[in-house]
Amino acid sequence: MSLNVELLEQSFNRIKPNAPEFAASFYENLFADYPQAKPLFANANMAEQKKKIIASLVLVIENLRKPDALAGALKGMGARHVQYGTLPEHYPLVGASILKTFESYLGADWTPEVKQAWVDAYEAIASLMLEGADYPEEALKLSN
Ligand code: HEM
């Protein structure tokens, strides 16, 4: 993974003090822009889920300098997501919502360089998660 570790750390540290609000507005953005993602969370405890998404972002940021450990954790997380009903096509929706939330929290600090750093990071995260996920052929059909 060749990522802009310093920009990712700096920008994440800026949202960390507002992490609970950040998580809440991420799910608001996700469900408003992509209502098709909502049923997947029908049985989820959203208060817990908000804490978990932040914890997983912290895990990513804290392990950017240990890519092997990070890759293992993300593959495991991707494998668990198969059971949550998550399909490969859902990943870009979550990515767009994370980026949108960062933009609204960082304001003028959401520079083209910071945006590119997060686009690259999300692509790397999603591809490792999908690598760990063993999707049945059915799930990968375009007709789904
Ligand atoms: C960077 C991408 C993502 C990250 C970091 C992430 C993070 C997490 C974490 C940490 C959990 C808690 C359980 C566990 O660790 O296995 C979780 C659960 C879940 N995630 Fe994700 N996730 C991502 C992408 C997605 C996508 C694309 C979807 C589909 C819309 C999704 C839907 C869910 C659902 C439905 C649950 C289970 C909720 C429940 O019923 O308790 N996630 N996610």
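Just so it is clear, the model here is predicted, and its values are computed rather than measured.

This part takes up the coordination of the iron atom of the ligand. Within the protein, just one atom coordinates the iron atom of the ligand: His81 (NE2), at a distance of 2.0 Å. Mapping His81 onto the fold places it in helix H4 (residues 67-83).

Our focus in this paragraph is the packing of aromatic side chains. Taken as a whole, this structure holds 8 aromatic pairs when the rule is applied. Between Phe26 and Tyr27 the ring centres are 4.7 Å apart and the planes differ by 65°, which places this aromatic pair in the edge-to-face class. For the residue pair Phe26 and Tyr27, the accessibility class agrees, reading buried in each case. In textbook terms, an aromatic cluster arises when at least three aromatic residues are bridged by ring pairs, as seen for Phe22, Phe102, Tyr105, Trp110 and Trp118.

We now examine the nonpolar core. The biggest cluster of nonpolar side chains holds 44 residues, and the ones touching the most others in it are Leu8, Phe12, Leu64, Leu74, Phe102 and Trp118. Looking at this core, the elements that each hand over two or more residues are helix H1 (5-15), helix H2 (19-33), helix H3 (46-62), H4, helix H5 (91-106) and helix H6 (112-132). The residues touching Leu64, leaving out its near neighbours within four places in the chain, are Leu3, Val5, Leu8 and Leu70.

As a further point, take the site of the ligand. Surveying the vicinity of the ligand reveals 18 residues, the closest of which are Phe41, Gln49, Arg80, His81 and Tyr84. Between the ligand and the protein, one listed contact pairs an oxygen atom with a side-chain N or O atom of Arg80 at 2.6 Å. Tyr84 is positioned such that a nitrogen or oxygen atom in its side chain is 2.5 Å from an oxygen atom of the ligand. Counting residues per element, the ones that place at least two in the shell around the ligand are H3, H4, H5 and H6. Among the elements that take part in the shell around the ligand, H3 stands out by supplying 4 residues, more than any other. Looking at the shell around the ligand, its residues break down into 11 nonpolar, 5 polar and 2 charged.

So, on to the packing of H4 against H6. Between H4 and H6, the least distance of the axes is 6 Å, while the angle of their chain directions is 60°. For the element pair H4 and H6, the recorded crossing hand is right-handed. Here Ala71, Leu74, Lys75, Met77, Gly78, Ala79 and His81 of H4 come into contact with H6, specifically with Ile125, Leu128, Met129, Glu131 and Gly132. Per-class residue counts for the contact of H4 with H6 are 7 nonpolar, 3 polar and 2 charged.

On to H2, then. Taking 1.5 Å per residue as the helical rise, H2 with its 15 residues ought to reach 21 Å, and the 21 Å between its terminal C-alpha atoms agrees with that figure. Listed as buried for H2 are Ala19, Phe22, Ala23, Ser25, Phe26, Tyr27, Asn29, Leu30 and Phe31.

All right, on to the environment of Lys16 then. Among the secondary structure elements, Lys16 is positioned in the loop between H1 and H2. Along the sequence, Lys16 and Ser97 sit 81 residues apart, while their C-alpha atoms lie 17 Å from each other. Discounting residues that sit within four places of it in the chain, Lys16 has contacts with Val58 and Glu62.

Inspection of H1 places Val5, Leu7, Leu8, Ser11, Phe12 and Ile15 among the buried residues, and these make up the whole buried set. The arc enclosing the buried residues of H1, seen along the axis, measures out at 165°, which places them on a common side. Opposite the buried face of H1, by more than 90 degrees, sit the exposed residues Glu6 and Gln10. Contact partners of the buried residues in H1: H2, H3, H5 and H6.

Reading guide: rules and limits
Residues numbered from 1 in each chain as written. Predicted model: local features only at pLDDT ≥ 70, side-chain atom pairs only at ≥ 80, totals over all residues. Heavy atoms only, no water. Donors = N, O, S within 2.8 Å, 3.2 Å for Na, K, Ca; no water. Helix = DSSP H or I, 4+ residues; strand = E, 2+ residues; numbered from the N terminus. Phe/Tyr/Trp six-rings, centres within 6.5 Å; stacked < 30°, edge-to-face > 60°. Buried < 20%, exposed > 50% of the residue type's maximum accessible area, 1.4 Å probe, protein only. Core = buried A, V, L, I, M, F, W, Y, C linked by side-chain atoms within 4.5 Å. Contact = heavy atoms within 4.5 Å. Near = heavy atom within 4 Å. Polar contact = N/O pair within 3.5 Å; in protein donor to acceptor, adjacent residues only side chain to side chain. Nonpolar A, V, L, I, M, F, W, Y, C, P; charged D, E, K, R; others polar. Axes fitted to C-alpha atoms, helices over the stretch in contact; angles between N-to-C directions. Left-handed = near helix turned anticlockwise from the far one by under 90°. Expected span 1.5 Å × (residues − 1). Arc of directions from axis to C-beta.

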